[in-house]
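Observations on the three-dimensional arrangement
Residue strings, one per chain:
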Amino acid sequence: MGAADQGLSDDEVRGIREALAAGRKPKVVFTAAAGQIAGQLGQVVELTDPSVSDEFVVVRFGRDELPFSPADVAVAPRGAGRRPAEPKVEAVPVEPVVAEPEFVLDRVPQPRREEPKVQEESKVEAVETKPARRAVKAAKPKGPAGLTVTLAYAEGEWTVAAQQGAKALAKPYVVKPAEALRMVALVDVPGVHEAVEQILAAERSEAERQAEKLRAELAEIEARLAELREAG
């Protein structure tokens, strides 16, 4: 396999990039990987970002500037594309021919011959075949960062927090149990509903116990206050 079929090496790509920076447009020859235009010459006019597309070598071919991969082109050999010198033709001297006088006894008028009509050549328009334009691989757009909304319960309080990627959109803030229950109702998972109902039932029982205790303490205080009023 010849050097023209191996494509561009990393060192040759760096050399082309330096030549472009210096204002030159290096010549390249298309390899067999380029298809039907293999063996033809072009000029590199730009090197785009190889991380965006594998076809980052922009080559001017005819009137088009098309992107190719390093495997599609190779550095053109020296002297490629130059027109060969036309051989000089030496003029050969031609001896003049002396016309001798012609003696005619009887001059008979010759019939006039009609010149055949020259058919007009049909004009054939040459259609320049252009290489098919290759589609440039578009870089896949990066989507937005993921969004996470967290409903948590700890130490008798329900909190909600929101985070997008590594950025905190909302720090944990306290919500009412009824609001937490409505949020959980949107999640169609039986285990989650049961866990929330158990937490709410435990909180309800604890609140009722504390209320009974406070009512008993309040009754004792009111009885003590009544005794003090009677004594006064």
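Along every chain, residues carry numbers that run from 1 in the direction the sequence is written. It should be noted that, the model being predicted, local features are given only for residues of pLDDT at least 70 and side-chain atom pairs only at 80 or more, the latter also being counted only at that level, while totals for whole chains, interfaces and linings use all residues. Side-chain metrics in this entry use all non-hydrogen atoms of the structure; hydrogen atoms and water are not considered.

Focus on the overall build of the chain
Put simply, the rule is: Strands here mean DSSP runs of E at least two residues long; helices mean DSSP runs of H or I at least four residues long; both are numbered from the N terminus. Each residue gets one of three labels from its accessible area relative to the maximum for its type: buried under 20%, exposed over 50%, partly exposed in between, using a 1.4 Å probe on protein chains only. For the accessible areas, the method is Shrake-Rupley and the probe is 1.4 Å, while residue cover comes only from the protein chains on display.
Tallying secondary structure elements over the chain gives 3 helices and 8 strands in all. When its helices and strands are written in sequence order, the chain yields α-β-β-β-β-β-β-β-β-α-α. Per-residue burial for the chain yields a buried fraction of 19% across its 232 residues. When the accessible surface of the chain is totalled, it reaches about 20000 Å², and 54% of it is carbon and sulfur.

A short note on the pairing of strand β4 (residues 64–68)
One face of the sheet, then the other: side chains in a regular strand alternate in exactly this way. Going by this rule: One bridge is not enough; two strands pair if DSSP finds at least two bridges between them.
Counted residue by residue, β4 has 4 buried out of 5 residues, so it is predominantly covered. Of the pairings in the sheet, the one linking strand β3 (residues 57–61) to β4 comprises 5 bridges and is antiparallel in character. Bridged to R60 within β4 is E65.

A few points about the nonpolar core
Put simply, the rule is: Buried Ala, Val, Leu, Ile, Met, Phe, Trp, Tyr and Cys residues form a nonpolar core when they are joined through side-chain atoms within 4.5 Å. Pairs of residues are marked as contacts when any of their non-hydrogen atoms sit within 4.5 Å.
Ranked by internal contacts, the top residues of the largest apolar core, which has 16 residues, are F30, V44, L47, V57, V59 and V73. Elements that contribute at least two residues to this core include exactly α1 (10–21), β1 (27–30), β2 (41–47), β3 and β4. Sorting elements by how many residues they give to this core places β3 first, with 3 residues. Aside from chain neighbours lying at most four places away, what touches V44 is I16, L20, K25, P26, V28, V57, V58 and V59.

Notes on the packing of aromatic side chains
Applied cut-off: Ring pairs are drawn from Phe, Tyr and Trp, using the six-membered ring of Trp, whenever the two centres fall within 6.5 Å, and their geometry is named by plane angle: stacked under 30 degrees, edge-to-face over 60, tilted for the rest.
For the coordinates displayed, the defined rule picks out 2 aromatic pairs. Aromatic pair F30 and F61: ring centres 5.3 Å apart, planes at 80°, arrangement edge-to-face. Placement of F30 in strand β1 and of F61 in strand β3 is noted, with a sequence separation of 31 residues between them. Judged by its relative accessible area of 13%, F61 falls in the buried class.

Side note on the environment of G39
Relative to the assigned elements, G39 resides in the loop between β1 and β2. Relative accessible area serves as the criterion here: at 53%, G39 is assigned to the exposed category. Through-space distance from the C-alpha of G39 to that of V73 is 9.3 Å; in sequence the pair is 34 residues apart. Discounting residues that sit within four places of it in the chain, G39 has contacts with V29 and F30.

A look at the environment of S53
Definition in use: Pairing of N or O atoms within 3.5 Å defines a polar contact, subject to two protein rules: one partner must be a possible hydrogen donor and the other a possible acceptor, and residues neighboring in sequence count only if both atoms are side-chain atoms.
With respect to the secondary-structure elements, S53 resides in the loop between β2 and β3. Through-space distance from the C-alpha of S53 to that of P67 is 9.4 Å; in sequence the pair is 14 residues apart. At 3.2 Å, the side chain of S53 and the backbone nitrogen of E55 are in polar contact.

Thoughts on the confidence of the model for the chain
Just so we agree on the cut-off: Per-residue confidence from the predictor is reported as pLDDT, a score between 0 and 100.
Predicted confidence across the chain gives a mean pLDDT of 76, with 66% of residues reaching 70 or more. Residue range residues 101–108 is modelled with pLDDT below 50. Its contacts to residues more than four positions away, or to other chains, number 0 contacts. Confidence drops under a pLDDT of 50 for residues 118–124, and excluding neighbours within four residues, the segment shows 0 contacts in the predicted structure.

Re a nonpolar patch on the surface
Keep this limit in mind: Candidate patch residues must exceed 30% relative accessible area and have no salt bridge, after which like charges are joined if within 9 Å and Val, Leu, Ile, Met, Phe, Trp or Tyr side chains if within 5 Å. Salt-bridge detection follows one rule: a side-chain nitrogen of Lys or Arg within 4 Å of a carboxyl oxygen of Asp or Glu.
Together, L186, V187 and V189 make up a nonpolar patch on the protein surface, roughly 290 Å² of accessible area in all. Within the secondary structure, L186 sits in the loop between α2 (177–185) and α3 (190–231). When its relative accessible area of 76% is taken as the criterion, L186 is described as exposed.

Looking at the pattern of salt bridges
Evaluation of the coordinates by the stated rule reveals 5 salt bridges. Two residues, R14 and D11, come together in a salt bridge whose shortest N-O distance is 2.0 Å. A residue pair is termed a helical-turn pair when its members lie 3 or 4 positions apart in one helix, as R14 and D11 do in helix α1 at 3 residues. Judged by relative accessible area, D11 falls into the exposed class, the value being 53%.

Observations regarding the sheet that holds β2
The line we're drawing: Here an axis means a line fitted to C-alpha atoms, over the contact stretch when the element is a helix, while the angle between two N-to-C directions is reported on a 0 to 180 degree scale.
Strand order in the open sheet made by the 5 strands is β4-β3-β2-β1-β5, with antiparallel pairing throughout. Edge positions in the sheet fall to β4 and β5 (73–75), since each of these pairs with one other strand and no more. Recorded for the sheet is a direction-independent mean angle of 45° between the axes of neighbouring strands. Where β1 lies against β5, 3 bridges are found, and the strand directions are antiparallel. The residue of β5 that forms the bridge with F30 is V73. Sitting on the sheet, α1 is in contact with β1, β2 and β5, with an inclination near 75° to β2.

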